Each structure stands twice: as C-alpha cells, then as structure tokens.
Amino acid sequence: MQYQAENQTITIPSGDHLISLRNRKRMDLTSVKSIEKFDQQEFYVRTSQGILHIKGEDLKIVHLDVDKGLLTLEGIVRAMQYDDEQSLDGARGLLHKLFG
C-alpha cells in the first residue's frame, strides 16, 4: 500500500497499521476496516490492531478510503486508546436495546 504524506510517498507493507499525528490537529491512519461510531468528540475506528478510540474536539473526517484502509481526521486530538473489541460490542448492544 502506498500512502501520500506531505510531498512524499511512503510504501507501507500490506496489513501494517500506522498512525501519523501532526501537531495534534491532523491524524492519518492506515489499515482501517470501518468506523464504528463517531461524533465531534470521539471516534471508534476498527483497525487491523483492534478498536481505536480517539477523543478530541471538533473532530471530522477529511478523507476516507475504506478499500485502501485509509482515514484522515482533523480537529484537536486529546487522547487515543485501543479498546477490547468486545467492549464496543457491549456498548452497541445497550444502545441498540434503548434506541433500536
């Protein structure tokens, strides 16, 4: 997979998961499988390495290419954490029961 990053092209081995964060305001991710849920304060992104929970302010999608597994976000990034895949499934189950 090739990834274009500010005037240079980087070749990333297929399946590798990479996060690039510039000045806490622009985040590029590879090996993205899907976006489970999101709003301006948080994103739950399913990656090849598990669910990545991103917290911040004014978060928005700038670029998404699911076929290539690429995602670019902008906003102020406050925290990132990998969660167990089951923890999101449980949260989704509860929301589905309430609003389903």
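Residues numbered from 1 in each chain as written. Predicted model: local features only at pLDDT ≥ 70, side-chain atom pairs only at ≥ 80, totals over all residues. Heavy atoms only, no water.

The chain carries the name Sporulation protein YabP in an unreviewed UniProt entry, which gives Psychrobacillus psychrotolerans as its organism.

Peer 1: Lay out the side chain of Ser31 in plain terms, naming residues and giving numbers.
Peer 2: Inspection of the secondary structure assignment puts Ser31 in the loop between strand S4 (26-29) and strand S5 (32-38). Among the polar contacts made by the side chain of Ser31, one reaches the main-chain carbonyl oxygen of Asp16 at a distance of 2.5 Å. Other than its neighbours up to four places away in sequence, Ser31 contacts Gly15, Asp16, His17, Arg46, Thr47, Ser48 and Gly69. (Helix = DSSP H or I, 4+ residues; strand = E, 2+ residues; numbered from the N terminus. Polar contact = N/O pair within 3.5 Å; in protein donor to acceptor, adjacent residues only side chain to side chain. Contact = heavy atoms within 4.5 Å.)

Peer 1: Which residues make up the environment of Arg22, and what are the values?
Peer 2: Along the chain, the position of Arg22 falls in strand S3 (residues 19-22). Expressed as a C-alpha distance, the spacing of Arg22 and Val77, which sit 55 residues apart in the sequence, is 9.8 Å.

Peer 1: Provide a residue-level description of the nonpolar core, including the pertinent values.
Peer 2: Met27, Leu29, Val32, Phe43, Val45, Leu52, Ile54, Leu59, Leu71, Leu73 and Val77 form the largest nonpolar core, which has 11 residues in total. Listed by contribution, the elements that provide at least two residues to this core are S4, strand S6 (42-47), strand S7 (50-65) and strand S8 (70-83). For Met27, the contacting residues outside a window of four places in its chain are Ile19, Ser20, Leu21, Ile54, Leu71, Thr72, Leu73, Val77 and Met80. (Core = buried A, V, L, I, M, F, W, Y, C linked by side-chain atoms within 4.5 Å. Buried < 20%, exposed > 50% of the residue type's maximum accessible area, 1.4 Å probe, protein only.)

Peer 1: Could you give me a rundown of a nonpolar patch on the surface, with the residues and numbers involved?
Peer 2: There is a patch of nonpolar side chains on the surface, built from Phe38, Ile61, Leu64 and Val66 and spanning about 350 Å² of accessible area. By the secondary structure assignment, Val66 is in the loop between S7 and S8. Residue class for Val66 comes out partly exposed when judged on its relative accessible area of 49%. (Patch = residues over 30% accessible without salt bridge, like charges linked within 9 Å, V, L, I, M, F, W, Y side chains within 5 Å. Areas by Shrake-Rupley, 256 points an atom, 1.4 Å probe, with all protein chains shown as cover. Salt bridge = Lys/Arg side-chain N within 4 Å of Asp/Glu carboxyl O.)

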